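Breakdown of the fold
Chain by chain, the residues:
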Amino acid sequence: MFTGLVEEKGSVISLNNGDKSIKLKIKANKVLENVKLGDSIATNGVCLTVTEFSKDYFVADCMFETISRSNLKRLKAGDEVNLEKSITLSTPLGGHLVTGDVDCEGEIVSVTQEGIAKIYEIKISRKYMRYIVEKGRVTIDGASLTVISLTDDTFSVSLIPHTQEKIVLGSKKVGDIVNIETDLVGKYIERFVYFDKLEKKENKKSKISREFLLENGF
């Protein structure tokens, strides 16, 4: 689990393609403090497991599910990535609860300057827009950001100068692809509602309810 507060920007040292997999070697510093094999480091918002490390890099494997949903497959040597080590029970929750399981890729469709801020408008599949709400949280390349506006298939976020410098989104342009993780809470609510409706439908179909069972001595 992560908070979406990027600790540092690392850079890609190398990518090696395997059988429907990618081995990433990432240059890093802060996230490697007290790191151990098997630890999780969010890389552009994707939860990756450390399989090898030294004082200034770590190595992680990306499986097919990760490759298909995220922009890690688009990386090349020298590209910057957002990095965050997984939280502990004592970690301040400054952003929001982030799993590191990317839902989909998004495309930057506009970048506009508004005073000191940059406004990024991002287009995603309408399938995932149901989890995007105005003033809600969304994770973009692992960074926890606030949604300031939305349409049927786009949403916008605003970055102050400090944030522009600290995360990779600050240097991206129209047409670039970013990783999107929507808010976890919305997904659970949707699932609960779905099964609640399903149970009510099944009970109605069978004409057996809790009240019916009680009335008949069950």
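Everything numeric here is computed off the predicted structure, so don't read it as measured data.

Right, let's talk about the overall build of the protein for a bit. Assigned secondary structure in the protein consists of 5 helices and 12 strands. Each principal axis of the C-alpha distribution contributes one length, and for the protein these read about 70 × 45 × 40 Å. Counting every atom, the protein has about 12600 Å² of accessible surface; 53% of that belongs to carbon and sulfur. Taken as two groups, the 32 positive and 32 negative side-chain charges of the protein have centres that lie 3 Å from each other.

The next subject is the pattern of salt bridges. Side chains carrying opposite charge are able to pair once their charged atoms draw close together. In the structure shown here, the tally under the stated rule is 13 salt bridges. With a closest N to O distance of 3.7 Å, Asp39 and Lys85 form a salt bridge. With a gap of 46 residues between them, Asp39 in the loop between strand S2 (21-27) and strand S3 (40-43) and Lys85 in strand S6 (residues 80-85) connect regions that are remote in the sequence. The burial state of Asp39 is the same as that of Lys85; both residues are buried. Two residues, Lys187 and Asp103, come together in a salt bridge whose shortest N-O distance is 3.0 Å. With Lys187 in helix H4 (residues 184-206) and Asp103 in the loop between S6 and strand S7 (104-114), the pair connects residues that are 84 residues apart, well separated along the chain. Counted as one network, the salt bridges with shared partners bring together Lys36, Asp39 and Lys85.

Here the focus is the UniProt feature "domain: Lumazine-binding" (unreviewed entry) in the protein. Under the feature "domain: Lumazine-binding" (unreviewed entry), the UniProt entry names residues 1-96 and 97-193. Secondary structure over residues 1-96 splits into 6% helix and 44% strand, and the C-alpha atoms at its two ends are 10 Å apart.

Spatial strand order, S1-S2-S5-S4-S3-S6: 6 strands in a closed barrel with antiparallel pairing. Within the sheet, the average angular offset between the axes of one strand and its neighbour, ignoring direction, is 45°. Bridge count between strand S4 (residues 46-53) and strand S5 (residues 57-62): 3 bridges; the pairing is antiparallel. Its bridge partner being in S5, Phe53 is matched across the sheet by Phe58.

On the surface, Met1, Leu93 and Leu97 cluster together to form a nonpolar patch covering roughly 270 Å² of accessible area. Within the fold, Met1 resides in the segment before strand S1 (8-18). Among the residues examined, Met1 registers a relative accessible area of 42% and is labelled partly exposed.

Basis of the calculations
- The numbers attached to residues start from 1 for each chain and follow its sequence in the written order.
- The model is predicted, so local features are restricted to residues of pLDDT at least 70 and side-chain atom pairs to those at 80 or more, both for listing and for counting; the totals for chains, interfaces and linings are taken over all residues.
- The basis for every side-chain value is the complete set of heavy atoms in the structure, and neither hydrogens nor water enter the calculation.
- By definition, any uninterrupted DSSP run of H or I lasting at least four residues is a helix, any uninterrupted run of E lasting at least two residues is a strand, and each is numbered from the N terminus.
- To be clear on the numbers: accessible area is Shrake-Rupley with a 1.4 Å probe, and residue cover counts the displayed protein chains and nothing else.
- Neither His nor the chain ends is counted toward charge; the positive residues are Lys and Arg and the negative residues Asp and Glu.
- Charge coordinates come from a single atom per side chain, which is NZ of Lys, CZ of Arg, CG of Asp or CD of Glu.
- Salt bridges are defined as contacts in which a side-chain nitrogen from Lys or Arg sits within 4 Å of a carboxyl oxygen from Asp or Glu.
- The classification of residues rests on relative accessible area computed with a 1.4 Å probe and restricted to protein chains. Under 20% of the type maximum is buried, over 50% is exposed, and intermediate values are partly exposed.
- UniProt positions are given in the numbering used here, feature names are shortened, and annotations may be inferred rather than shown by experiment.
- Strand pairing follows a simple DSSP-based rule, namely that at least 2 bridges must link the two strands.
- The axes are straight lines fitted to the C-alpha atoms, using for helices just the contacting stretch, and the angles between their N-to-C directions are given from 0 to 180°.
- Patches were defined on residues exceeding 30% relative accessible area and lacking a salt bridge, with like-charge contacts within 9 Å and nonpolar side-chain contacts (Val, Leu, Ile, Met, Phe, Trp, Tyr) within 5 Å.

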